[in-house]
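For reference, the chains in residue letters:
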Amino acid sequence: MKNLSRFFAVFLAAVLMSCGNEKKEQETITIGDGGNLETVETTQDAAANETAQANDAIQRQDGVVQVNLTGNDLMQYNLNEIKVKAGDKVKLTLTHVGELPENAMGHNFVLLKQGTDVVDFAQKAATATGNEYIPEGTDAVIAKTEMIGGGEETTIEFTVSEAGTYDFICSFPGHYVQMRGKFIVE
């Protein structure tokens, strides 16, 4: 009976973890039969948490859109889309929530002009070590933060007047592949 219970618990956990293509959060629960306890991991839908986090990360107050963007040691931003209205003053705070230093896992926020070839820009940026990975003389950048390492934070303010969809990236070498998103001006 004990082996059957163990098999069922593992089978149930595997089924729950593989259901759907949605992101899941893991939760550990303990089940048992007759005093024999067993720990298995289950999952639950994380879409509600992501929506709540996005709402917390972008707030409008007194005519200013406050954007709280984070980057981590897994090369991930907490947001892949930021929406503002044309002419809004944007106050963007980038926080590196990881632990690795700037030279190993630096992050920044670079907002590019519409029509910029992201891959071409990122390849040029990768060689611009003396300029915080921003190509010298480029006119493709609307706004950018400084490069920061684990535990650091930086804030910039800017305004985008023209409606459209813009790309934002982290320009540290190779990070643009995962750390990118859309900045939508309505």
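Just so it is clear, the structure is predicted and the values come from calculations on it, not from any experiment. (Residues numbered from 1 in each chain as written. Predicted model: local features only at pLDDT ≥ 70, side-chain atom pairs only at ≥ 80, totals over all residues. Heavy atoms only, no water.)

1. Comments concerning the sheet that holds strand S3 (residues 58-61)
The test is simple: Note on pairing: two strands pair once DSSP finds at least 2 bridges between them. The helix and strand labels rest on DSSP assignments: H or I over at least four residues marks a helix, E over at least two residues marks a strand, and numbering proceeds from the N terminus. Only the contacting stretch of a helix is used when fitting its axis, a line to C-alpha atoms as for every element, and angles between N-to-C directions run 0 to 180 degrees.
Taken in spatial order, the four strands line up as S3-S4-S6-S9 in an open sheet, and their pairing is mixed. Of all strands in the sheet, those with a lone pairing partner are S3 and strand S9 (153-159), marking the two edges. The average undirected angle you get between the axes of adjacent strands in this sheet is 20 degrees. Bridge count for strand S4 (residues 64-71) against strand S6 (residues 89-96) is eight bridges, and the pairing is parallel. Looking across to S6, one finds that Leu 69 is bridged to Leu 94.

2. Looking at the sheet that holds strand S7 (residues 110-112)
The strand order across the open sheet built from five strands is S5-S11-S10-S7-S8, with neighbouring strands paired in mixed fashion. Only two strands of the sheet have a single partner each, and these edge strands are strand S5 (81-84) and strand S8 (141-144). Across the sheet, the mean angle from the axis of one strand to that of its neighbour is 25 degrees, orientation sign disregarded. Here six bridges tie strand S10 (residues 164-169) to strand S11 (residues 180-185), and the two strands are oriented antiparallel to one another. Within S11, the position partnered with Asp 167 by the bridge is Lys 182.

3. Structural notes on the nonpolar core
Nonpolar side chains in soluble globular proteins generally cluster together in the buried interior. Stated formally: Side-chain atoms within 4.5 Å are what join buried Ala, Val, Leu, Ile, Met, Phe, Trp, Tyr and Cys residues into a set we call a nonpolar core. Exposure is judged per residue with a 1.4 Å probe applied to protein chains only, and the accessible area is read against the type maximum: over 50% gives exposed, under 20% gives buried, and values in between give partly exposed. Residue contacts follow a heavy-atom distance rule, with two residues in contact if any of their heavy atoms lie within 4.5 Å.
Residues Tyr 77, Ile 82, Leu 92, Phe 109, Leu 111, Phe 158 and Phe 183 are the most contacted members of the largest nonpolar core, which totals 27 residues. Taken together, the elements giving at least two residues each to this core come down to S4, S5, S6, S9, S10 and S11. Those residues within four positions of Phe 158 in sequence are excluded, and the remaining contacts are Asp 88, Lys 89, Val 90, Leu 92, Phe 109, Leu 111, Ala 143 and Phe 183. In terms of nonpolar packing, the next biggest core, distinct from the first, is built from 10 residues, Phe 121, Ile 134, Ile 169 and Tyr 176 among them.

4. Quick look at helix H4 (residues 118-125)
Put simply, the test is: Taking the helix axis as origin, the arc is that swept by the directions to the C-beta atoms. The definition of a polar contact used here is a pair of N or O atoms within 3.5 Å, where within protein one atom must be able to donate a hydrogen and the other to accept one, and adjacent residues in sequence count solely through side-chain atom pairs.
All of the buried residues in H4 are Val 118, Phe 121, Ala 122 and Ala 125. For H4, the arc enclosing every buried residue in end-on projection is 95 degrees, short of the 170-degree limit, so these residues lie on one face. Put simply, Asp 117 is the residue that caps the front of H4, since its side-chain oxygen is 3.1 Å from the backbone nitrogen of Val 119.

5. Looking at the confidence of the model for the protein chain
This is how it is decided: pLDDT expresses, on a scale from 0 to 100, how confident the predictor is about each individual residue.
For the protein chain, per-residue confidence averages 82 on the pLDDT scale, and 70% of positions sit at 70 or higher. For the stretch residues 3-34, pLDDT sits under 50, and the model shows 51 contacts to residues farther than four places along the chain or on other chains. The low-confidence segment residues 37-44 (pLDDT under 50) makes 36 contacts with residues lying over four places distant or belonging to another chain.

6. Brief notes about the pattern of salt bridges
Our working rule: One speaks of a salt bridge when a side-chain nitrogen belonging to Lys or Arg is within 4 Å of a carboxyl oxygen belonging to Asp or Glu.
Tallying each qualifying case throughout the model produces five salt bridges. A salt bridge links Lys 182 to Asp 167; the nearest nitrogen and oxygen atoms lie 2.6 Å apart. Taken together, the residues Lys 182 in strand S11 and Asp 167 in strand S10 connect sequence positions 15 residues apart. Accessibility expressed as a relative area gives 38% for Lys 182, which makes it partly exposed. Residue Asp 167 is classed as buried on the basis of its relative accessible area of 15%.

7. Describing the side chain of Asn 108
Note that Asn 108 resides in the loop between helix H3 (102-105) and S7. According to the relative accessible area criterion, Asn 108 is buried, its value standing at 0%. A distance of 2.8 Å separates a polar atom in the side chain of Asn 108 from the backbone nitrogen of Ser 171. In this structure Asn 108 touches Tyr 77, Leu 94, Glu 132, Ile 134, Thr 145, Glu 146, Met 147, Ile 169, Cys 170, Ser 171 and Phe 172, once residues within four positions along its chain are discounted.

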